[in-house]
Amino acid sequence: MIYINQDLCKGCLLCVNTCHKHVYAVSDKPNKKEVLLPYPANEKNCSNCKECELVCPDQAISVDIERNWWMSKDNTYAFNPNFAKKRV
Amino acid sequence: MSNIDEYTIDEGYEKTERAKAPFIQYLREDRLPHIFCPGCGNGTIINTFFKGMEKANIDFKNIAMVSGIGCSSRIPGYVKCDSLHTTHGRSIAFATGLKVSNPDLDVVVFTGDGDCASIGGNHLIHAARRNINLTVICINNNIYGMTGGQISPTSPKGSIGSTAPYGNRDKPFNLAELVAAAGATYVARWTTAQVESAVKSIEKGLKNNGFSFIEIVSQCPTYFGRKNKMKQPVDMINHIKNSTIYINNAKGLNEYELKDKIVVGEFANKESPEFTDNIQELSKEFYGQKTIRRSAFLTSFDKEEK
Ligand SMILES: Cc1ncc(C[n+]2csc(CCOP(=O)(O)OP(=O)(O)O)c2C)c(N)n1
Ligand code: SF4
Ligand code: SF4
Ligand code: SF4
Ligand SMILES: [Mg+2]
């Protein structure tokens, strides 16, 4: 689950700019302070890299997702685990 | 989902620890949200520091933060640790005193470009020369943010500020090179667009026994951005990202090619005798034991712990 704390978020949209998986979208309705806040529209795309958590200047984002970018859905590696081994 | 209204979270989840950003545990939650403008790089640098601290395995309770005056210097006020908010430009001078009297503390200095390079420039170069074991994190937003956008010693040539309405004509300081030349043992420069590299440098700086200077080029959308036609934080961060060049790629380039570029990377990583160690050695040489620490409590050499 990706959670944006709407009391802390100031709507700078750096998270939207940072996410390489285009998880965030900008709301079209302003909040009480007339700011357009982001929300995680495509959460299923998230690779759990946590870059947005690190970049968010207001400590508003928490990414709490089980999956990793290196595991696919059927619990196998999403890359060849022997790629660094020498071929014989 | 097509709208924020459809994005709902149950009340129960909102109150769990996992719903909080990971580094909020080190901050004074009652003081949040902090006063920094939307999209100010200072907030990102708070996260970056804590991630570096966790990677370096430094005990958070052993950290003391020192800062001067400026937006960037307000960071220690939001952190749950011992901190010293000192006068403008004197953060490194106060930190030197703190480190000499408590050599076991991990002293971290948060300072702005105006704070450390203009009014505090003298303290900066001399702390680097003496190689005292401090970790200085300089948030370089190329402007005096707190006082309303005056030109700072690192403002790029041609940039506009409230004291330079026709553009800055002076050549800026290259802080990382200046501090490396003054003798600091670890110097790096990164930007808020390269947080992971900055984390690595903060980790190295905290571990380094000597003067560590990490300059992080940051965005001030409110003053620098607004005056230089980059009002949105995203515009500023993309501008910063597009103007960076790695130090190894910059080596063969001339001044004209490096115009408006931010050279990032490690500028120094070496070893040299440390200032507080030198004092202890001197004391041992002449008196046979270490100096009195915390002299407000101890009055003679006999009571000092060995
Ligand atoms: C002795 C003294 N001179 C001047 C000031 C006014 N003053 C306050 S903050 C500041 C500049 C801060 O700039 P910087 O260190 O770059 O911090 P920023 O706000 O950009 O993060 C100045 C000149 C002061 N407080 N004290
Ligand atoms: S963790 Fe990574 S992929 Fe997921 S939302 Fe954040 S930046 Fe995007
Ligand atoms: S980066 Fe943080 S403060 Fe900025 S819009 Fe995203 S959640 Fe809000
Ligand atoms: S004035 Fe600039 S440096 Fe100060 S909080 Fe605002 S954006 Fe940040
Ligand atoms: Mg500044």
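The preceding data block contains the structure.
We now turn to the structure provided with this report. (Residues numbered from 1 in each chain as written. Chains lettered and ligands numbered in written order. Predicted model: local features only at pLDDT ≥ 70, side-chain atom pairs only at ≥ 80, totals over all residues. Heavy atoms only, no water.)

Concerning the overall build of chain A
Within chain A one finds two helices and four strands. Put simply, chain A runs from its N terminus to its C terminus through helices and strands in the order β-α-β-β-α-β. Relative to the compact-globule value of 12 Å for 88 residues, chain A shows a C-alpha radius of gyration of 17 Å, a clear excess of over 25%. Over its C-alpha atoms, taken along the principal directions, chain A stretches across nearly 65 × 25 × 20 Å. Expressed as a percentage of its 88 residues, the buried residues of chain A come to 42%. Intrachain contacts of chain A at a sequence separation of at least 6 include 44% that bridge at least 24 residues. Approximately 5,500 Å² of chain A is accessible, and the part contributed by carbon and sulfur atoms is 53%. Averaging the locations of the 12 positively and 10 negatively charged side chains of chain A gives two centres separated by 9 Å. (Helix = DSSP H or I, 4+ residues; strand = E, 2+ residues; numbered from the N terminus. Rg over C-alpha atoms; globule rule 2.2 N^0.38 Å. Buried < 20%, exposed > 50% of the residue type's maximum accessible area, 1.4 Å probe, protein only. Contact = heavy atoms within 4.5 Å. Areas by Shrake-Rupley, 256 points an atom, 1.4 Å probe, with all protein chains shown as cover. Lys, Arg positive; Asp, Glu negative; His and termini not counted. Charge placed at Lys NZ, Arg CZ, Asp CG, Glu CD.)

A look at the sheet that holds strand β4 (residues 135-140) of chain B
Residues and elements named next belong to chain B. Read across the open sheet, the eight strands follow the order β2-β1-β3-β4-β8-β7-β10-β9; overall the sheet is mixed. The open sheet has two edge strands, β2 (82-85) and β9 (244-246), and neither has a second partner. Between one strand and the next, the sheet's axes are offset by a mean angle of 20 degrees, whatever the strand orientation. Two elements, strand β3 (residues 106-112) and β4, share five bridges in a ladder whose sense is parallel. The residue bridging F110 from the neighbouring strand is I137, located in β4. Sheet contacts for helix α9 (residues 233-243): β7 (186-191), β8 (212-217), β9 and β10 (262-269); angle to β9, the most-contacted strand, approximately 30 degrees. (Pairing = 2+ DSSP bridges. Axes fitted to C-alpha atoms, helices over the stretch in contact; angles between N-to-C directions.)

A few points about the interface of chain B and chain A
With 39 residues of chain B at the interface, the matching set in chain A holds 32 residues. For the pair chain B and chain A, the summed buried surface comes to about 3,000 Å²; carbon and sulfur atoms form 57% of the total. Linking chain B with chain A are one salt bridge. In this structure, D64 of chain A engages R18 of chain B in a salt bridge whose closest nitrogen and oxygen atoms are separated by 2.5 Å. Here chain B is connected to chain A by 13 residue pairs in polar contact (both at pLDDT 80 or more). Listed by contribution, the elements that provide at least two residues to the side of chain B that touches chain A are α1 (11-14), α2 (41-55), α7 (195-207) and α9 of chain B. (Buried area = accessible area lost by both parts, 1.4 Å probe. Salt bridge = Lys/Arg side-chain N within 4 Å of Asp/Glu carboxyl O. Polar contact = N/O pair within 3.5 Å; in protein donor to acceptor, adjacent residues only side chain to side chain.)

Quick word on the site of ligand 3
Looking at ligand 3, the residues that line it are I4, C9, K10, G11, C12, L13, C15, P38, C56, P57, D58 and I61 of chain A. Here the residues of the shell around ligand 3 are counted per class, giving nine nonpolar, one polar and two charged. (Near = heavy atom within 4 Å. Nonpolar A, V, L, I, M, F, W, Y, C, P; charged D, E, K, R; others polar.)

A short note on the packing of α2 of chain B against α7 of chain B
Residue and element names in this part refer to chain B. For the pair α2 and α7, interaxial distance at closest approach is 8 Å and the crossing angle is 50 degrees. Judged by the angle between their axes, α2 and α7 are oblique. For the crossing formed where α2 meets α7, the hand is right-handed. Residue-level inspection shows T44, T48, F49, K51, G52, M53 and K55 of α2 in contact with α7, the latter providing V195, E196, A198, V199, I202, E203 and L206. Looking at the contact of α2 with α7 residue by residue, the class counts come to seven nonpolar, three polar and four charged. (Parallel < 35°, antiparallel > 145°, perpendicular 65-115°, else oblique. Left-handed = near helix turned anticlockwise from the far one by under 90°.)

Digging into the site of ligand 1
All names here are of chain B. The environment of ligand 1 is made up of 16 residues, and the closest members are C71, S72, D113, G114 and D115. In the model, an oxygen atom of ligand 1 is placed 2.7 Å from a nitrogen or oxygen of the D115 main chain. Between ligand 1 and the protein, one listed contact pairs an oxygen atom with a backbone N or O atom of I143 at 3.0 Å. Taking 590 Å² as the accessible area of ligand 1 by itself, protein coverage stands at 72%.

Regarding unusual backbone geometry
Residues and elements named next belong to chain B. Following L32, the chain continues into P33 via a peptide bond in cis, with omega recorded as -5 degrees. Here N57, not a glycine, exhibits a phi torsion of approximately 60 degrees, which is positive. Here N57 is to be found in the loop between α2 and β1 (63-67). Positive phi, normally seen in glycine, also occurs at D260, with a value near 60 degrees. Among the structural elements, D260 can be located in the loop between α10 (247-250) and β10.

Quick notes on a nonpolar patch on the surface
There is a patch of nonpolar side chains on the surface, built from W69, W70, Y77, F79 and F83 of chain A and spanning about 610 Å² of accessible area. Along the chain, W70 of chain A turns up in the segment after β4 (61-63). (Patch = residues over 30% accessible without salt bridge, like charges linked within 9 Å, V, L, I, M, F, W, Y side chains within 5 Å.)

Quick look at the environment of G11 of chain A
Residue and element names in this part refer to chain A. Here G11 lies in the loop between β1 (2-4) and α1 (14-18). Here G11 falls in the buried class, since its relative accessible area comes to 18%. Separated by 41 residues in sequence, G11 and C52 have C-alpha atoms that sit 13 Å apart. Each residue touching G11, except ones within four places of it in the same chain, is listed here: V35, L36 and L37.

Some details on the nonpolar core
Counting residues in hydrophobic clusters, the biggest one holds 70 residues, and the most contacted among them are Y24 and I61 of chain A together with F49, F50, M53, F110 and I137 of chain B. Residue contacts for I137 of chain B: discarding those within four places in its chain leaves I45, F49, V108, V109, F110, T111, I202, I214 and I216 of chain B. (Core = buried A, V, L, I, M, F, W, Y, C linked by side-chain atoms within 4.5 Å.)

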